[in-house]
Amino acid sequence: MVNSEEIEAQFKYFALECEELEAPLYASLSDLLSHDESMHRFLFGAREQQPIANLFFAAVKYLLRTNPEERLAVDYLNVHRGEPIDPKDVYRHLQEFCLRSEKPLIDVIENRFVQTNVANRCAYLVPAFKYISSISDGKPMSFVEIGCSAGLNLLWDRYRYTYSDGTTFGDAQSNVHLNSRIEGTGCPSMDVDINEITGRFGIDLNPIDVGDEEEVDWLRALVWPERQDELEILECAVSNAKKCKDEVQLFEGEMLDVLPNIFSDLVTSTNVCVFDSHVMNQIPNEDRETLSNMLKNLSSKLNIFHVSVGGQSNPPEIRLSRYCEGRRYSALLGYSDAHGRWSRWVI
């Protein structure tokens, strides 16, 4: 059970993050919420390790989908349209809505997870995957995502990419078009051929079924009001995932329980790339250490790469660990923002 002091701290941090990511409404609301203890009680029952501010705002948006006449819903719609709003008025509407919806709001907060599936994060995963291909032995690659949500990022090679340096990649016919800025002068070579993909596996405590509209509504609720572009990308990525559903296997459960089962079915003629993006902040330190030791042990039969992005640093780090014959080698590849809008590489 979280306390008011922790809730205050998380909303203050989230306010700063929203400012950096140009989401002024959530930044203002988070600042007001951090000081309003009367609103903290809605979050006392949130699960441990959950990003409280994200969870709260998503729960509110999720309930608003069936209450479009609410003044708060109209406020969010106006933000979508780029119309001016007064954050203090929006906050009053937020308070009123939460009080009227106390029971269902608490129910969502206590039973849901933050499962943001930002497809644009693939824009910084692709250069990392290209780098792995350049240093691997050319064997086919299976991809395993920790905290996969709906598994949209497991289909990263089915998207179309345009980078600020003029580099393009991916399926030129894809309706999922991702744009990202490369900062600085370095970036892994994008001319490297990606290893053949032989498997796509996702692990989540509650995998999102893209065929279930209520579950997809939860993904939509996790998109911030200012992020109309991300909402449009999400819709396209979900549509794409429905067509490719047979290519992705999603597993429900704790990563430490599920990973060995996935690896047991992989043949030694393949390499494995485990990846996660903005998930490790939801995983206790001891479990992260156990994960590393597990991958060391599993690497006695397979070469394993682990790309881990964000969740533990600001700006988010893009880190690569390579596991081979029971040993771990780690390197910092670069940095990114939390939504894949830019990346800066140090290799």
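In this text the structure is predicted, and so the values were computed from the model without any measurement. (Residues numbered from 1 in each chain as written. Predicted model: local features only at pLDDT ≥ 70, side-chain atom pairs only at ≥ 80, totals over all residues. Heavy atoms only, no water.)

J.: Before we move on, can you summarise the nonpolar core with the specific residues and values?
T.: Of all hydrophobic cores here, the largest spans 91 residues; its most connected members are F56, Y159, Y161 and V307. With 11 residues, helix α4 (residues 52-64) is the largest single contributor of residues to this core. Among the nonpolar cores identified, the runner-up in size contains 22 residues, and V144, F201, L256 and Y323 belong to it. (Core = buried A, V, L, I, M, F, W, Y, C linked by side-chain atoms within 4.5 Å. Buried < 20%, exposed > 50% of the residue type's maximum accessible area, 1.4 Å probe, protein only. Helix = DSSP H or I, 4+ residues; strand = E, 2+ residues; numbered from the N terminus.)

J.: Please set out the sheet that holds strand β11 (residues 342-345) residue by residue, giving values where relevant.
T.: Reading across the sheet, the 11 strands line up as β3-β2-β4-β11-β10-β9-β8-β7-β1-β5-β6 and stay open at both edges, with mixed pairing between neighbours. Either end of the sheet is taken by a strand with one partner, and the two such strands are β3 (168-170) and β6 (249-252). Going from strand to strand, the sheet's axes swing by 25° on average, the running direction of each strand aside. In this structure, strand β10 (residues 327-336) lies alongside β11, joined through 3 bridges in antiparallel fashion. (Pairing = 2+ DSSP bridges. Axes fitted to C-alpha atoms, helices over the stretch in contact; angles between N-to-C directions.)

J.: Please provide a residue-by-residue account of the side chain of R288, values included.
T.: Counting through the fold element by element, R288 comes out in helix α12 (residues 285-298). Looking at R288, its side chain comes within polar contact range of the main-chain oxygen of M280, at 2.6 Å. Those residues in contact with R288 that sit more than four places away from it in its chain are M280, I283 and Q312. (Polar contact = N/O pair within 3.5 Å; in protein donor to acceptor, adjacent residues only side chain to side chain. Contact = heavy atoms within 4.5 Å.)

J.: Describe the packing of helix α1 (residues 4-20) against α4, naming the residues involved and giving the relevant values.
T.: Between α1 and α4, whose axes approach to 8 Å, the crossing angle comes to 80°. If you check the angle between α1 and α4, you find them roughly perpendicular. Across from E6, I7, Q10, F11 and F14 in α1, the residues of α4 making contact are I52, A53, N54, F56 and F57. Class assignment for the residues of the contact of α1 with α4 results in 7 nonpolar, 2 polar and 1 charged. (Parallel < 35°, antiparallel > 145°, perpendicular 65-115°, else oblique. Nonpolar A, V, L, I, M, F, W, Y, C, P; charged D, E, K, R; others polar.)

J.: Can you explain helix α6 (residues 87-100)? Please cite residues and give values.
T.: For α6, which comprises 14 residues, the first-to-last C-alpha distance of 20 Å matches the rise-based estimate of 20 Å (1.5 Å per residue) to within 8%. Between the side-chain oxygen of the N-cap and the backbone nitrogen of K88 there are 2.9 Å, and the N-cap of α6 in question is D86. (Expected span 1.5 Å × (residues − 1).)

J.: Which residues make up empty space enclosed by the protein, and what values do they have?
T.: As enumerated under the stated definition, the model contains 1 cavity of 30 Å³ or more in all. Considering only enclosed or pocket space, the largest cavity measures out at about 130 Å³ in volume. N117, V118, V223, E230 and L234 are the residues nearest the centre of the largest cavity, which is lined by 13 residues in total. Of the residues assigned to the lining of the largest cavity, the class counts are 7 nonpolar, 5 polar and 1 charged. (1 Å grid on protein atoms, 1.4 Å probe; cavity = no way out; pocket = protein on both sides within 12 Å on 5 of 7 lines; lining within 4 Å. Points joined across faces, edges and corners; volume = space filled by probe spheres on them.)

J.: Let's hear about the pattern of salt bridges: which residues, and what values?
T.: Applying the stated criterion across every chain yields a total of 21 salt bridges. Among the ionic pairs, R41 bridges to E102, the shortest N-O distance being 2.7 Å. With R41 in the loop between α3 (37-40) and α4 and E102 in helix α7 (residues 102-111), this residue pair connects regions lying 61 residues apart in the sequence. In this structure R41 comes out as partly exposed when scored by relative accessible area, which is 33%. (Salt bridge = Lys/Arg side-chain N within 4 Å of Asp/Glu carboxyl O.)

J.: Tell me about the environment of Y329, and name the residues and values.
T.: Within the secondary structure layout, Y329 lies in strand β10. For Y329 and F305, which are 24 residues apart along the polypeptide, the C-alpha to C-alpha distance reads 9.5 Å. Excluding residues within four positions of it along the chain, Y329 makes contact with L320, S321 and R322.

J.: Tell me about the side chain of D337, and name the residues and values.
T.: Structurally, D337 can be placed in the loop between β10 and β11. Judged by its relative accessible area of 4%, D337 is buried. Here G340 takes part through its backbone nitrogen, which lies 2.8 Å from a polar atom of the side chain of D337. In contact with D337, not counting residues within four places along its chain, are L21, Y124, H278, P316 and W342.

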